[in-house]
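# Architecture at a glance
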Amino acid sequence: DIPIDEDQKSTRLLYKQPSVLVGRTDVVAVTPWLAPIVWEGTFDPVLVDNIYKPMNLTIATTVFAIGKYVRFLQDFLETAEEHFMVGFHVRYYVFTDRPHDVPSVNLSQGRHLSVIQVPGSNRWQEISARRMEIIQTTIERQIRREADYIFCLDVDSKFHARWGSESLGRLVAVIHPGYYEQTRDRFPYERRPASTAYIPMDEGDYYYGGAMIGGFVEDVYTLTKVCRTRFEEDAGNSIEAAWQEESHLNRYLLYNKPSKVLSPEYLWQDFKAKTKEVKVIRFSGVIKNYAEVRPN
Ligand code: 2GW
Ligand code: MN
């Protein structure tokens, strides 16, 4: 293999000159703590790929498919093959209680899928709490050795357009599509001081979606460990946060600021009409028949 610097001498990368004056003006592309907010038009995909590809990275992707949610796997995986981290090494970790119902999807070269059997449950609270725990323990046992970055995603979703190396960062969160036009006092944070997920009305940056957590494996490890501990502490006090682990995630991210924030392009909902600032929907939650997929 040719060393990276040699390679760059022999192949010139031509791209549009970055401008200091002209760019998107309809959206904010940086947080007040100077983390990028990733929107279409704020990055050059060829350029970012050229930076990250030579690093020979492996991206872990965890997805839970417990009970009837196995039905979402096929579309999730097929569309991920088309759009998610194309050209990178990807390792999917599918957690399910129904290993025999995991569809066989053709994976591109450099991409790998492990099925990990976990207990089923009829209680959402349990699935929710155990997601953090299972991600934490699987990082300890396996992912730490096998990957550089990790993305933990909801399975009831599909990819529609590029989700690539522009999303890589130390700790990455996504802005929930339902609340980005709201003031912080309207965010559905946990509001009871008795919960460890509590956020007062006059605090909060954004409302982050629980359907995606990402970043360096070690940073996501700490996040899952802290959220799991708090979730269990609440349970011991008979408290369940308003939006389960999404509430704990929001609390964690308020005091541990993400180094990169993904715009709602990276987490849309199929029932929601596209708004003018969203130029491309990259990933969205499908419309589900709750009576059909949920345990009770
Ligand atoms: C069972 C009972 C009630 C609700 C969900 C489930 C369930 C979830 C299940 O039977 N099987 C299962 O595999 N799950 C996994 O949990 C699956 O990966 C799913 O995508 C994920 C989150 O559940 P979901 O997609 O039904 O929740 P949403 O779409 O309403 O998501 C948001 O709120 C949740 C908190 O209540 C989570 O934070 C989630 O990450 C958010 O996107
Ligand atoms: Mn979901």
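For the structure itself, look to the data block above.
Residues numbered from 1 in each chain as written. Chains lettered and ligands numbered in written order. Predicted model: local features only at pLDDT ≥ 70, side-chain atom pairs only at ≥ 80, totals over all residues. Heavy atoms only, no water.

## Side note on the sheet that holds strand S11 (residues 283–285)
- The three strands are arranged S6-S11-S10 in an open sheet whose pairing can be described as mixed. The open sheet is flanked by strand S6 (157–159) and strand S10 (268–269), the only strands paired with a single partner.
- Pairing of S6 with S11, which is carried by three bridges, proceeds in the antiparallel orientation. Across the sheet, the residue bridging to Lys158 is Ser284, located in S11.
- Across the sheet, helix H3 (residues 73–83) is in contact with S6 and S11; its angle to S6 comes to roughly 20°. (Pairing = 2+ DSSP bridges. Helix = DSSP H or I, 4+ residues; strand = E, 2+ residues; numbered from the N terminus. Contact = heavy atoms within 4.5 Å. Axes fitted to C-alpha atoms, helices over the stretch in contact; angles between N-to-C directions.)

## Thoughts on the site of ligand 1
- Around ligand 1, the structure places 19 residues, and the nearest of them are Phe64, Ile66, Tyr69, Gln244 and Arg294.
- In the environment of ligand 1, an oxygen atom lies 2.9 Å from a nitrogen or oxygen atom belonging to the side chain of Asp156.
- Separating an oxygen atom of ligand 1 from a side-chain N or O atom of Gln244 is a distance of 2.4 Å.
- Relative to its unbound accessible surface of 730 Å², ligand 1 loses 90% to contact with the protein. (Near = heavy atom within 4 Å. Polar contact = N/O pair within 3.5 Å; in protein donor to acceptor, adjacent residues only side chain to side chain. Areas by Shrake-Rupley, 256 points an atom, 1.4 Å probe, with all protein chains shown as cover.)

## Considerations on the pattern of salt bridges
- Overall, the coordinates contain 21 salt bridges when judged by the stated rule.
- Across the salt bridge formed by Arg131 and Glu245, the nearest N and O atoms sit 2.3 Å from each other. Within this pair, whereas Arg131 is found in helix H4 (residues 124–146), its partner Glu245 is found in helix H6 (residues 244–255), the two being separated by 114 residues in sequence.
- A relative accessible area of 6% means that Glu245 is categorised as buried.
- We note a salt bridge from Glu166 to Arg162, for which the minimum N-O separation is 2.8 Å.
- Residue classification places Arg162 among the partly exposed residues on the basis of a relative accessible area of 25%.
- The network of salt bridges with shared partners includes Asp49, Lys53, Arg162 and Glu166. (Salt bridge = Lys/Arg side-chain N within 4 Å of Asp/Glu carboxyl O. Buried < 20%, exposed > 50% of the residue type's maximum accessible area, 1.4 Å probe, protein only.)

Just geometry here; none of it tells us what the structure is for.
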